[in-house]
Amino acid sequence: MAKLIYVTNVSLDGYIEDEHGRFDWTPPGDDYLAFITDLVRPRGTYLYGRRLYESMSVWETDPALAAHSKLTADFADVWQAADKVVYSTTLDATSTARTRVERNFDPASVRAMKASATSDLTIGGAHLAAQAFQAGLIDECHLLIHPILTGGGKPGLPSGTRLGLELSDSRRLSNGVLYVHYGLRT
């Protein structure tokens, strides 16, 4: 069975965006971009909340972004090659290929995706990930911890859910970003 992997950027105090909805404190350096590209390259499907999907869709809708460098072109190619499922009650259509909209998060449907997938899946968006955590669907957490305190905002991890984790890997990236990879204890 494929794994469902939560991948997200967080501030040192645990937020994915500040109290104004900004995440401009997460600009990728070259080693960060190369690392994240290699991290998501083998994943076949990305599960997204609407806001994260809209932020990420530029990797297909803005050719100038991919043309910036070999690293950005590689990330754009990897992103475009994956299937995307966007969970949204308000999005009527998508702007990218290989993308479908689901109105509601259905744990049974995600379990079926995991069972039939030939490669692991990622999930992104704090609200969507919280639902997956609560349903017991997440197998791994990959956090990219940025050296900033935002003082508030949208938490990257759900409250009210207690899970045991085991550290599988960690490394320091550019600008003090710390990557930590946790598996869930069974």
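Fair warning: this is a prediction, and the values are worked out from it, not measured in the lab.

**Q** Could you give an account of the UniProt feature "domain: Bacterial bifunctional deaminase-reductase C-terminal" (unreviewed entry) in the chain, naming the residues involved and the relevant values?
**A** Under the UniProt annotation, "domain: Bacterial bifunctional deaminase-reductase C-terminal" (unreviewed entry) lies at residues 3-178. The distance from the first to the last C-alpha atom of residues 3-178 is 23 Å, and the span holds 32% helix and 27% strand.

**Q** Tell me what's going on with the sheet that holds strand β7 (residues 140-146), and back it up with residues and numbers.
**A** In spatial order, the strands read β5-β4-β3-β6-β1-β7-β10-β9; together these eight strands make up an open sheet with mixed pairing. Each having just a single partner strand, β5 (99-102) and β9 (165-172) make up the two edges of the open sheet. Taken over all neighbouring pairs, the strand axes of this sheet differ in orientation by 20 degrees on average, direction set aside. Helix-sheet contacts for helix α6 (residues 107-116) involve β1 (4-11), β3 (45-49), β4 (83-87), β5 and β6 (121-124), and the interaxial angle to β4 is about 170 degrees.

**Q** So what's going on with the nonpolar core? Residues and values would help.
**A** Ranked by internal contacts, the top residues of the largest apolar core, which has 25 residues, are I36, Y46, F75, W79, L144 and L173. For this core, the leading source of residues is helix α1 (residues 30-40), giving six residues. Sequence-distant contacts of Y46, that is, excluding residues within four places in its chain, are made with V40, V78, W79, A82, D83, K84, V85 and T122. Grouped together as the second largest cluster of nonpolar side chains are 24 residues, A2, L4, I16 and F105 included.

**Q** Describe helix α5 (residues 70-81), with residues and values.
**A** An ideal rise of 1.5 Å per residue puts 16 Å on twelve residues; α5 measures up with 16 Å between its terminal C-alpha atoms. Capping the start of α5 is the job of one residue whose side-chain oxygen sits 3.3 Å from the backbone nitrogen of L71: S69.

**Q** Requested: an account of the pairing of β4, with residues and values cited.
**A** For β4, the tally of buried residues reaches four of five residues, placing the bulk of the element in the interior. Where β3 meets β4, five bridges bridge the pair, whose relative direction is parallel. If you follow T45 over to β4, its bridge partner there is D83. Direction of pairing for β4 relative to β5: parallel, over a ladder of four bridges. Its bridge partner being in β5, V86 is matched across the sheet by V101.

**Q** I'd like a rundown of helix α7 (residues 126-134), residues and numbers included.
**A** The complete set of buried residues in α7 reads A126, L128, A129, A130, A132 and F133. Once α7 ends, the next one or two residues include G136, with phi positive near 75 degrees.

**Q** Can you explain the environment of A97? Please cite residues and give values.
**A** On the secondary structure map, A97 appears in the loop between β4 and β5. The spacing of A97 and S11 is 86 residues in sequence and 31 Å in space, taken between C-alpha atoms. Setting aside residues up to four positions removed in sequence, A97 forms contacts with E60 and K84.

**Q** Now, about unusual backbone geometry: what can you tell me, with residues and values included?
**A** Positive phi values are uncommon outside glycine, yet R98 reaches one of about 55 degrees. Inspection of the secondary structure puts R98 in the loop between β4 and β5. In this structure R98 comes out as partly exposed when scored by relative accessible area, which is 46%. With a phi close to 55 degrees, N175 is a non-glycine residue in the positive phi region. By the secondary structure assignment, N175 is in the loop between β9 and β10 (178-184).

The rules behind each value
- Residues numbered from 1 in each chain as written.
- Predicted model: local features only at pLDDT ≥ 70, side-chain atom pairs only at ≥ 80, totals over all residues.
- Heavy atoms only, no water.
- UniProt positions renumbered as here; feature names shortened; annotations may be inferred.
- Helix = DSSP H or I, 4+ residues; strand = E, 2+ residues; numbered from the N terminus.
- Pairing = 2+ DSSP bridges.
- Axes fitted to C-alpha atoms, helices over the stretch in contact; angles between N-to-C directions.
- Contact = heavy atoms within 4.5 Å.
- Core = buried A, V, L, I, M, F, W, Y, C linked by side-chain atoms within 4.5 Å.
- Buried < 20%, exposed > 50% of the residue type's maximum accessible area, 1.4 Å probe, protein only.
- Expected span 1.5 Å × (residues − 1).
- Polar contact = N/O pair within 3.5 Å; in protein donor to acceptor, adjacent residues only side chain to side chain.

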